[in-house]
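# Tertiary structure, described
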Amino acid sequence: MSEHHCLNDMKPGQTARIHSLTAAGSTRRRLLDLGLVENAFVQCVGKSPSGDPCAYLIRGAVIAIRSCDGKEILIEEPSSGRKLIALAGNPNVGKSTLFNSLTGMKQHTGNWPGKTVENALGICHSRRHTYILADLPGTYSLMPHSPEEKEARNFLCSGKADAAIVVCDASCLERNLNLVLQTIELIPRVLVCVNLMDEAARHHIRIDLPALSKALGVPVIGTTARDRQGLDALLDALDSLTESPSAPGNCPVTYPPLLESALTILEPVVRNQSGFTLPARWTALRLLEHQMNPEASLPDRLPSLLDTDPSVRQALTEAEHILKAAGIQKDQLSDLITTALFCHAESICRTVIRKEGADNHRKEQRLDALLTSKRTGYPLMLLLLAFVFWLTIAGANYPSQLLSGLFTSLETPLAAFLMHLNVPSRLQDLIVSGIYRVPAWVISVMLPPMAIFFPLFTLLEDAGLLPRIAFNLDHAFQRCHSCGKQGLTLCMGFGCNAAGVTGCRIIDSPRERLIAILTNSFVPCNGRFPVIITLITLFFAGTAGSFTSSALSALVLTGVILTGIAMTFLASWLLSRTVLKGVPSSFTLELPPYRRPKFGSVLIRSLLDRTLFVLGRAVTAAAPAGLIIWLMANLTWQGRSLLTCCASALNPFASLFGLDGVILMAFLLGMPANEIVLPIILMSYLNQQALTAPENLLTLKTLLTAQGWTPVTAACTIIFTLLHWPCATTLITIRKETKSLKWTLLAFLLPTALGLTLCFLLTQTAALLF
């Protein structure tokens, strides 16, 4: 949770204390400006291993300490009676949706596993209490296999949570009960939230919630979080649970007789440890599991128990001998524990779940057979991709023209206003033609396709199609010695490469995460689409604006995208065979049920959370870029502008790759925002002192042809647009994620080298043929 989220979730009249070592002044000013507090004061809390921490206290309760790198989150126990509730659950069960509904926050949710990769914290009000709700990363088990699962397990072990809400999917309850049973073993107070009751009803699944509560020994409430159904009953049950003087009588899992014999020796010894608060049975299982298989990680609090208490070590050795004498070796114990948990879950579900109808999932199975088949999956995926691109191209042209005309018409009033303020004419020109015109161009070119593409992308996400695409790409990434989850981050990169880089956190292996980060910019983001689409339309599809032209543009664009995906595979393979050698890891990809998206929330989320966020970041970068471009176009040396001088110096090098110095210079100046590459090219060719939009596509083609452009030049420019250094925002994100200048430099050089190589090969081949 960022400071922005934390402060915006507060209401006037609430008190807050901010602990910070460096950002205290800005944080205090922000609180005072928002009218949230009458007086905010600062107190140092010391440094964490990863940097300078900030602790936010809302209404006197410390809720988080976050390091400067934005990753490490340590949750502190509330200091004013506010109870801390952990929200746990499998990925893709609506956990974050429930969190948003209870707290009023807007944490983004997605319809694929691993989407929630950080803790989020918020204030939740019931009829009788106010809680601090901690949304933990989605996890399938408390026997962790990923950093996110380890983080969730360690937080539940920390003792900070007063209770835990475990969210389940009503349509696949049996699988979810594995985590429920493990949490019941660990946490004294557990409330089970059976979410997505509407989907279960749609599949004719009936769940006896009272019987489930009796079988588990904990309260169970059914909800449909996105429609806010059952939330009041959930909060009432939470109040009753936290107010009870003692935890309800939980029903423990019965393990195989051999394991129970081992626990009989170890569990009493652990229970006798004074001051140790974790449940003895759960602790004994973890110690025994680690003793049998040291690769099974332990919570931070348990190694000290092993190292300092000889009675525990002796009992552990005896229990280990019992198991090894029966032929149980290494990770077989984990298999025994997991099998017992699933058998117990299965026996519970047989008594509480009733399915009506012969085959409730037949339609979904038929769809999966088409979308994930080796024969039909790839063609359907390509057709879907081409259809999305066609809608984006066909729908963005007219709004872009309207926005361009609107911003152009505003230049005259802006200039008149500056003149009224007696601003010098040279400074007026810099502001209007430089600082204003470049962001205006970025908005007019970037906003319409984003406003179409992002909602379409979000619809695919909510409908459950993106995990199917990742499933289809998994085999190819495995062949490249990479991770199949890279298919998900690749899809995220179509919207914004910086977002795709951040999304690589869902990949467990550090090696494979680096491969995904370094290759994410091989697919074009929304900033590069306008250049690619314009050149395809001018030189390869025609400018008539007909359906045939739009369809042909979409097909060519799909071919360009496939080239980028192929280069992603190639680069991943090269990295895995050279600087990032290793064996590909396996992962579990859950194919979520097909869901009918909520179009209203999709539009709001895609426009506000994605479109405006990415656009705002691009405009922020475009404004200073406009200043630099204007200065280079207006400052002269030996009678020529600096822009012309630099382009002339680059021309011999650029010509080797089918480009010219103007094109290469435009890409260099366009690093803050790729949308301004084409306007810079036009400005340089026309020898103008400000960016100028062409009157129409026909005029633009005439101008480019007069400067010596051929289809080969256009093709090389398209390839270089697809494969060149990431934008400044993406490079900064890579630096933050990797904490390494070396990997950031490689992320800059790798796509550039491959792009120049392809351009060189295309240029030389064209020279031989023509």
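Residues numbered from 1 in each chain as written. Predicted model: local features only at pLDDT ≥ 70, side-chain atom pairs only at ≥ 80, totals over all residues. Heavy atoms only, no water.

### With respect to the overall build of the chain
To keep things clear, this is the line we draw: Elements are defined by DSSP. Helices are runs of H or I of four residues or more, strands are runs of E of two residues or more, and each kind is numbered from the N terminus. Between buried and exposed lies partly exposed: a residue is buried under 20% and exposed over 50% of the maximum accessible area for its type, with that area taken using a 1.4 Å probe on protein chains only. Contacts are residue-level and defined by heavy atoms, with any inter-residue pair within 4.5 Å sufficient. Under the convention used here, a 1.4 Å probe and the Shrake-Rupley method define accessible areas, while residue burial counts only the protein chains that appear.
When helices and strands are tallied, the chain shows 31 helices and 14 strands. Within the span of the chain, comprising 770 residues, buried residues form 55% of the whole. Within the chain, residue pairs in contact and separated by at least 24 positions form 72% of the contacts whose partners lie at least 6 positions apart. Roughly 32,800 Å² of accessible area belongs to the chain as shown, and the carbon and sulfur atoms make up 62% of that amount.

### Topic: the environment of N634
Here is the rule we go by: Residues adjacent in sequence count toward polar contacts only when both atoms are side-chain atoms; beyond that, a polar contact is any pair of N or O atoms within 3.5 Å, and within protein one must be able to donate a hydrogen and the other to accept it.
In this structure, N634 sits in helix α24 (residues 599-634). Owing to a relative accessible area of 7%, N634 belongs among the buried residues under this scheme. Remark: the alpha-carbon pair of N634 and L430, spanning 204 residues in sequence, is separated by 9.4 Å. Setting aside residues up to four positions removed in sequence, N634 forms contacts with R426, D429 and Q689. From its side chain, N634 meets the backbone oxygen of W630 in a polar contact 2.6 Å long.

### A few points about the environment of F407
Looking at the secondary structure, you find F407 in helix α15 (residues 377-409). In sequence terms F407 and Y436 are 29 residues apart; their C-alpha atoms lie 9.2 Å from each other. With sequence-adjacent residues up to four places away left out, F407 is seen in contact with Y436, A440, I443 and S444.

### Considering the side chain of S684
Looking at the secondary structure, you find S684 in helix α27 (residues 677-685). Judged by relative accessible area, which is 18%, S684 ranks as buried. At a separation of 3.0 Å, a polar atom in the side chain of S684 contacts the main-chain carbonyl oxygen of I680. Apart from the residues lying within four places of it in its own chain, the contact partners of S684 are L643 and V662.

### Quick notes on the pattern of salt bridges
Cut-off, in case you're wondering: A pair is scored as a salt bridge if a Lys or Arg side-chain nitrogen falls within 4 Å of a carboxyl oxygen belonging to Asp or Glu.
Applying the stated criterion across every chain yields a total of 10 salt bridges. The closest approach of N and O atoms between R127 and D236, which form a salt bridge, is 2.5 Å. Of this pair, R127 sits in the loop between β6 (120-125) and β7 (130-135) while D236 sits in helix α8 (residues 231-243), placing them 109 residues apart in sequence. According to the relative accessible area criterion, R127 is exposed, its value standing at 61%. According to the relative accessible area criterion, D236 is partly exposed, its value standing at 25%.

### Considering the packing of aromatic side chains
Note the cut-off: Aromatic rings from Phe, Tyr and Trp, taking only the six-membered ring of Trp, are treated as a pair when their centres fall within 6.5 Å; an angle between ring planes under 30 degrees marks them as stacked, one over 60 as edge-to-face, and anything in between as tilted. Two thresholds decide whether a charge sits over a ring: the Lys NZ or Arg CZ must be within 6 Å of the ring centre and within 35 degrees of the ring normal.
Overall, the coordinates contain 7 aromatic pairs when judged by the stated rule. Here K701 stacks its cationic end above the ring of F539, 5.8 Å away from the centre of that ring.

### Re the nonpolar core
Here is the rule we go by: Side-chain atoms within 4.5 Å are what join buried Ala, Val, Leu, Ile, Met, Phe, Trp, Tyr and Cys residues into a set we call a nonpolar core.
Counting 103 residues, the largest nonpolar core has I681, L704 and W709 as the members making the most contacts within it. Formed by 69 residues, the second largest nonpolar core is a distinct cluster that contains I123, C157, A170 and L341.

### Thoughts on unusual backbone geometry
Phi angles above zero are rare outside glycine, and L196 is one such case at about 60 degrees. Topologically, L196 is positioned in the loop between β9 (190-195) and α6 (197-202). Its identity is not glycine, yet R228 carries a phi of approximately 60 degrees, on the positive side. Among the residues examined, R228 registers a relative accessible area of 53% and is labelled exposed.

### What to know about the confidence of the model for the chain
This is how it is decided: pLDDT expresses how confident the predictor is about each individual residue, on a scale running from 0 to 100.
Averaged over all residues, the pLDDT of the chain equals 77, while 77% of them reach at least 70. Throughout residues 1-80 the model reports pLDDT below 50, and contacts reaching past four residues in sequence, or to other chains, amount to 161 contacts.

### A word on the pairing of β9
Strand residues, when the strand is regular, have side chains that alternate between the two faces of the sheet. Threshold: Only strands that DSSP links by at least two bridges are regarded as paired with each other. Place the viewer so that the strands point away; then a crossover is right-handed whenever the path from the first strand over the helix to the second strand goes clockwise.
Counted residue by residue, β9 has 6 buried out of 6 residues, so it is predominantly covered. Where strand β8 (residues 163-169) and β9 come together, 6 bridges link them in parallel fashion. If you follow V166 over to β9, its bridge partner there is V192. Taken together, β8, helix α5 (residues 173-186) and β9 form a β-α-β motif whose crossover is right-handed.

### Quick notes on the state of the cysteines
Operational definition: Sulfur atoms of two cysteines make up a disulfide when they are within 2.5 Å.
According to the stated counting rule, one finds 0 disulfides in the structure shown. Unpaired in this structure, C525 has its nearest cysteine sulfur neighbour in C727, at a distance of 5.8 Å. With a relative accessible area of 10%, C525 lands in the buried category.

### Points about a positive patch on the surface
Where we set the bar: Patches here are clusters of residues that have more than 30% relative accessible area and form no salt bridge, with a 9 Å joining cutoff for like charges and a 5 Å cutoff for nonpolar side chains (Val, Leu, Ile, Met, Phe, Trp, Tyr). A residue counts as positive if it is Lys or Arg and as negative if it is Asp or Glu; His and the chain ends are not included. Charge positions come from single atoms, namely NZ of Lys, CZ of Arg, CG of Asp or CD of Glu.
On the surface, R202, R226, K363, R366 and R596 cluster together to form a positively charged patch. We classify R596 as exposed; its relative accessible area is 71%.

### Section: the side chain of T752
Examined against the element boundaries, T752 turns out to sit in helix α31 (residues 741-769). At 3.1 Å, the side chain of T752 forms a polar contact with the backbone nitrogen of W725. The residues contacting T752, other than those within four sequence positions of it, are L723, H724 and W725.

### Here we look at a nonpolar patch on the surface
Taken together, I435, L627, L631, L635, W637 and L642 make up a surface patch of nonpolar side chains, about 490 Å² in accessible area. Here W637 shows up in strand β13 (residues 636-637).

### As for the pairing of β7
The element β7 is largely enclosed, with a buried count of 6 among its 6 residues. The alternating pattern of β7 places T130, I132 and A134 and Y131, L133 and D135 on opposite faces, both of which are buried. Pairing analysis gives 5 bridges linking strand β5 (residues 83-89) to β7, with the strands arranged parallel. Its bridge partner lying in β7, I85 is registered against L133.

### Digging into the environment of T254
Mapped onto the elements, T254 comes out in the loop between α8 and α9 (257-271). On the accessibility criterion, T254 (62% relative accessible area) is exposed. Taking the C-alpha atoms as reference points, T254 and L341, separated by 87 residues in sequence, lie 8.5 Å from one another. Beyond its immediate stretch of four places on either side in the chain, T254 contacts E260, R281 and A340.

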